[in-house]
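Below are the chains, spelled out letter by letter.
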Amino acid sequence: MRSFFKDHVGRFRPFRAKSVLLVLIFCAAVKVAADPACLPPSSLEISERQVTTTSIRMTFTQNQCGNINFTLSLEPQLCFSDTGYNIPLHCVTLVENIADRCASDSTSGSPQVDCLGSYTGDQISYSCGISQLDPGQRYSLGVSTVSAGVELGPTQLEQAVVTDPDVPSNLTTIPSLTDTSSITVQWGVVGVAEQFLVTATCYHDDCVNKTTILAGNDCQREKTATISELTPGVLYRLTVAAQSGGKASGNSEPAFEQTDPVCLPPSSLEVSERQEKTTSIRMNFSQNQCGNFNFTLSLGPQLCFSGTAFSVPLHCVTLVENIEEQCTSDGTSNSPVVHCLGTFLARQISYSCNISQLDPGQVFSLGVSTVRADVLLGSAQLEQDVVTDPEIPSNLTTIPSLTSTTSITVQWGVVGVAEQFLITATCQHANCVNKTHTFSWDDCLQDTTDAITELTPGAFYNLTVTALSEGKASATSAPVLEQTDPAPPSNITFDIVNITSLLMTWEAAEGVHDGYNLSCVPCVGQQRETFFLSRGESRNRYDGLTRGQMYNFTIITVSGPKHSQLTETFQVVDPAPVENVTVRSIGYRDVSLEWQPPEGVFSYFSIKVTSNRGEDMVRSTNLNASIVDLTPGTMYNFTVYTVSGNKQSLGTEFGPVWTLDEGYCEEDMIVIEEGEAFFPRSEGGSFAYSRERCPSTTGYEPLASRFCRITTGGIAVWDPPVVLMCSTSLQNLSRTEVTNETALAVATKLQVITSQTESLSADDVTTVSDLIQDIVNVSATEQIGDSLLTTIDNLMKINASALQLSQLDTRGPIRVVQALETFADTVTLTTEKYTSARPAVALQAADISVEELDKGQGFAFYGNSSNSLTEGRLSSFTSEDGKDPLQTADVSITLPANLSNLPQLNDITGVRLSYTLYNTSSLFVQSSDGSPGTRIIGSRIATKGVGLQLKNLPQPVIITFTPPEAISPEDVKEVMCVFWDFAAESGHGAWSPEGCEYQGEDNGRYTCACNHLTNFAAFFDVSGSGFGLHDEILKVLTIVGCSVSIACLVLTLLSFIITRSDNRRVHAKNQRLVLSNLCVALLAILIIFLAGINQTASPIGCSVIAALLHYFLLAALLWMAVEAISIFLAAVLVFDHHVSENFVLKAAAVAWGFPFLVMVSTVGPSTLYEYRMKNYCWLAHIPLTYAFLLPAGLILLFNMVVFVIIMYKLVTGYADKRKLRGAKSGDVHNWIIQQLRRAVSLMALFGLTWVFGFFVITGARIVFAYLFCIFNTLHGLFIFVFHCVMREDMKKWR
């Protein structure tokens, strides 16, 4: 408190005069004696009687202690927080520090303090009056003594003091706009009150009194409160009293207010039909008298606008319009208007409202809503919609149709709204159609248009329109007369009378018409350009027309003043054909023709080009034509047509004409030293030999040779001829010195000699390889290369045994391969690239920069299912071309990129890159492991004519193969990627997998990756296709076994001939005949197999061998089945009882006839599939499966069943016999041996050993291959032993 009072001391106010006098006297008395010590104020008290609305009187006591000040403190509860009055001793001046006061206080000045002091002994009693305070305010009072700037006290009054609250004034009421059970009260406030008591006293018996308490303690001048839950429609007396600190003011002057009654929805809503006019409606309704409100009329039209509201104050007929949308076709220029009159009756008001200026024919839904202060209090809706009368359509007009002859378009004016319009068309003719049409209308257009259809063409009609709306109809409009357009004639056709006359016909027009107007342009002479034909005519003939001329014929139907649309037809008279077609020139890809002009008019000429490749059409506007883009070397026929408009003449044919063939060199004669040499037409890439022969006795050797070369542009051209060395054998040629001058002649002669492949031996292969090496070492030209490739192609066709012997003795075949690689490194190129292909070998060489080399060079062959390299396509590419070129390649090789980084290629600007491709592995002869199952492809990089040995490449060479033989990927067990190692096998060479890796198969294409460059191939381990190292062993076993069987079968047949008369039983004779036929079939199989299985050099001969093997194998199997039947009849059934004498004849017909039919049916359609294998003279996959394995399997299955039955019969028969006779101890052992011998004998006769062949495709195929080979090649031996040596009738011959 001390600091509080110090902070608020500062301003002083003078005391009144008498107070000043007391202070002066008191000060003088004090000076007489020494001042005692000052004590705090005491005896602080206040009397309730001294508290009024705006003042408080307080008393306290202070000891007389010298010159002091005292401070009165006032702390109001709400409006201000502190007040200090600093009064010096004996001084009545007030220093006021009050900062906040209520704006509603009753005084205009600040609070005032008046103090009076009286002495009693050494005490001074003070009485202070504090005035101009706030009414109803709560104060805490205290006094502090200040002496020499030091505060003593303060002394605080224990209880707060509250001034009396003031009486509320200016009490008024505010009626509720939304509630009928509440009244809002407002009054004035002076000072402060903690709360107000609002009292509502009712003056009726059955109503509710209500008191509401409103919180105060704010300093507002006006207060507002709503007293609710009152009785509606009742008068109330309202008073307000203020309360503060337990004190209450008196009640305010009363105010009187009535609550509003409850407003009911509108009622008795009705509309009279008599009051519905074309543009107005009268509506009546009632409303209870319930206070100040508005009502709203709502019109909800069905089509044109969505709603209408009219707000009309009570007792007022003025219309406030809210309609925003209206049909622009209404009958008034103003918007709809409502006039209402109200009549009071008791507490009800009856209203009659007239709604005018509405749309005619409109549908309205009517309703009334009571609205109070924008709040909907209730509404009523008319149950049925109201319809204004539709207006009569006006201004009826017609619009002629531009596209139809059976319709009329009608247009009329619309006032208001109509749901439909009824259009009536009445025909004015006897035979025409009347029509009525209903048009639905859903918009507000002033002008409406519709068409009435299905009328009679060319007829007059009366047209009227009637408006319809919700069952109401307007009167009919004034009629309008209109005619439909006449219909044109139909199905106009022209028939040719002769080459210059046409007959025009048509079908009569429909409906009403008078006739036709016809025209012809450009008709001249006797023909009229325009004329009229009367009704009933339907044809007209035009003569004297020009051939090829286009005429415009028109026809119009006429009916009264109208005519139909123009029917226009362009007709061309057939043009005349051309004459005298001749050839002007013939080229590789073009032929030029010319002809005489035809009679009459023409537009152009069309030439049909026909060949075995199809047909094409060429157009020419001149009397000649150059037909281009033809195929070289193809026969063409030409037909020339004259064309005029859409007509063409009969064709004039000419031909046949042959184009020059780019792929062929045409017949040519050239003069050489020996005379004229004539060369026949030859295919590009091949050698041709002169018709003139060497002067020798044989007359076989040609005089000269000439190569037909394909240029880079694809054109075949002749090389210079080479005169051959007549009467020179291979041995003589080998003694010829090969020089740069003789190399071409030796190479050319060598390819002629090697063309006789069947006469070449192993020594000849060696000689040829020596000559090829000599030629390559002295000269390497493209012309020599063509001869060398032909020679190598010839060598690859030589018998394999000759190549093998030459390889073993002198490495002849592999030296040919090396010589070809040397030639590729050194050949002198005349163009950017040298490419040459033969059926079995191909070569490509090119000089490229290291930059091109780094792009990843590649080479591919696209065979198109061909087994000849000349029938496919050779192509080089780079890795930048993407993988697409490799997707269809049969074989490809791709070099890695950036090869220039290799040490061998440093400081080199260009290299020779070559590729070689071999169709077979004939020249790659090795002693074991068989041959690869793919073509052989190789690549070399050479510099300065020397091939580089590139090994351990950082990136692999990628090679892809497609096996020439159809191998299913599912049958491939293993793939081994190999290259030809020239140094292996002591320099003889062999296939090696070193540095190569198989990377997988994709769509039948197998990929290998190798880290070096050379010749590559792949071995396939296919189920049943090969046996690796076991091939040679099986081959030896086959030859030995077949030879033994042949000898045994011959001996068996001889034994049958010698002993043919020893046994006369029918069954024994039949069995011997059956066995003889089986021996003949087996003997034929073995002889044909040994002699012809490898004879693939002759395609026809190889196919004959395959067919014979097929036939005799099936015959042998069937004779084995016959043998099984014969033994079954003898062993199981009664002997001789079931055997007829003609049994063998019937069996022979089946056993020899059925295989013949199967063989012939297989060979016959062999153009549809591959009949035989390429490496062996045996059936290919499809005929092997369906024409051999299937019937063979069925026969062997039958024989196996018979074998089981017979063995069962023999075993059970012995058991029965043993029971009857008994058996000794040694009989069982003898019986077992006897049964085993019988089983082996029957297996040989029934051919059951052939079952081993079906198991060769399993995992243990090597084992079954040996079993199959041993048992079946020794088949003849088994027959000889069991059915000849061990036969009873042969014992005398032993």
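A quick note: this is a predicted structure, and the numbers were derived from the prediction, not measured.

(A) Just the sheet that holds strand S19 (residues 281-288), in detail. Pairing is antiparallel in the open sheet, where four strands are placed in the order S18-S19-S23-S22. One side of each edge strand has no neighbouring strand; the edge strands of this open sheet are strand S18 (267-271) and strand S22 (337-345). Neighbour to neighbour, the strand axes of the sheet diverge by 15 degrees on average, direction disregarded. Sheet topology note: the S18/S19 ladder contains three bridges and is antiparallel.

(B) Molecular detail of the pattern of salt bridges. Enumeration according to the criterion identifies 22 salt bridges in this entry. The partner of Glu-666 in a salt bridge is Arg-681, with the nearest N and O atoms 3.5 Å apart. Of this pair, Glu-666 sits in the loop between strand S51 (664-665) and strand S52 (668-672) while Arg-681 sits in the loop between strand S53 (675-679) and strand S54 (682-683), placing them 15 residues apart in sequence. The partly exposed category is assigned to Glu-666, whose relative accessible area is 28%. With a relative accessible area of 38%, Arg-681 lands in the partly exposed category. With a shortest N-O distance of 2.5 Å, Asp-847 and Arg-912 are connected by a salt bridge. Here Arg-912 lies in strand S64 (residues 910-918) and Asp-847 lies in strand S60 (residues 841-849), a separation of 65 residues in the sequence. Overall, the relative accessible area of 44% leaves Asp-847 in the partly exposed class. Accessibility expressed as a relative area gives 9% for Arg-912, which makes it buried.

(C) Broad picture of the side chain of Ser-620. Relative to the helices and strands, Ser-620 resides in strand S46 (residues 614-620). Looking at Ser-620, its side chain comes within polar contact range of the main-chain oxygen of Asn-624, at 2.6 Å.

(D) Looking closely at the environment of Asn-1011. Within the element layout of this structure, Asn-1011 appears in the loop between strand S71 (1005-1010) and strand S72 (1015-1022). Exposure remark for Asn-1011: the relative accessible area of 24% places this residue in the partly exposed category. Considering only alpha carbons, one finds Asn-1011 and Gly-995, 16 residues apart in sequence, at a separation of 5.6 Å. Once residues within four sequence positions are removed from consideration, Asn-1011 is found in contact with Leu-950, Lys-951, Asn-952, Leu-953 and Gly-995.

(E) How the structure looks around helix H13 (residues 1143-1163). Taking 1.5 Å per residue, 21 residues should reach 30 Å; H13 reaches 31 Å between its end C-alpha atoms and fits that length. Those residues of H13 lying buried are Phe-1143, Val-1144, Ala-1147, Ala-1151, Pro-1155, Val-1158, Met-1159 and Thr-1162.

(F) Examining the packing of aromatic side chains more closely. Following the criterion strictly, the structure yields 27 aromatic pairs and no others. Where Phe-823 meets Tyr-834, the ring centres are 6.4 Å apart and the plane angle is 75 degrees; that geometry is what we call edge-to-face. With Phe-823 in helix H8 (residues 812-826) and Tyr-834 in strand S59 (residues 833-837), this pair connects stretches of sequence that are eleven residues apart. In textbook terms, an aromatic cluster arises when at least three aromatic residues are bridged by ring pairs, as seen for Tyr-1111, Phe-1112, Trp-1119, Trp-1152 and Phe-1156.

(G) Layout of the state of the cysteines. Throughout the structure, instances matching the rule amount to seven disulfides. Here Cys-427 connects covalently by a disulfide to Cys-432, the sulfurs 1.4 Å from one another. Taking the sign of the torsion about the S-S bond as the criterion, the disulfide between Cys-427 and Cys-432, at about -110 degrees, is left-handed. What pairs with Cys-665 in a disulfide is Cys-708, and their sulfur atoms sit 2.0 Å apart. Judged by the sign of its S-S torsion, about 90 degrees, the bond between Cys-665 and Cys-708 is right-handed.

(H) Local environment of helix H5 (residues 762-778). Its 17 residues place the ends of H5 25 Å apart at the C-alpha level, agreeing with the 24 Å of an ideal helix rising 1.5 Å per residue. Taken as a whole, H5 has its buried residues at Ala-762, Asp-764, Val-765, Thr-766, Thr-767, Val-768, Ser-769, Leu-771, Ile-772, Ile-775 and Val-776. Here the buried face of H5 lies against helix H3 (730-734), helix H4 (743-753), helix H6 (782-795), helix H7 (800-810) and H8.

Reading the values: rules and limits
Residues numbered from 1 in each chain as written. Predicted model: local features only at pLDDT ≥ 70, side-chain atom pairs only at ≥ 80, totals over all residues. Heavy atoms only, no water. Pairing = 2+ DSSP bridges. Helix = DSSP H or I, 4+ residues; strand = E, 2+ residues; numbered from the N terminus. Axes fitted to C-alpha atoms, helices over the stretch in contact; angles between N-to-C directions. Salt bridge = Lys/Arg side-chain N within 4 Å of Asp/Glu carboxyl O. Buried < 20%, exposed > 50% of the residue type's maximum accessible area, 1.4 Å probe, protein only. Polar contact = N/O pair within 3.5 Å; in protein donor to acceptor, adjacent residues only side chain to side chain. Contact = heavy atoms within 4.5 Å. Expected span 1.5 Å × (residues − 1). Phe/Tyr/Trp six-rings, centres within 6.5 Å; stacked < 30°, edge-to-face > 60°. Disulfide = S-S within 2.5 Å.

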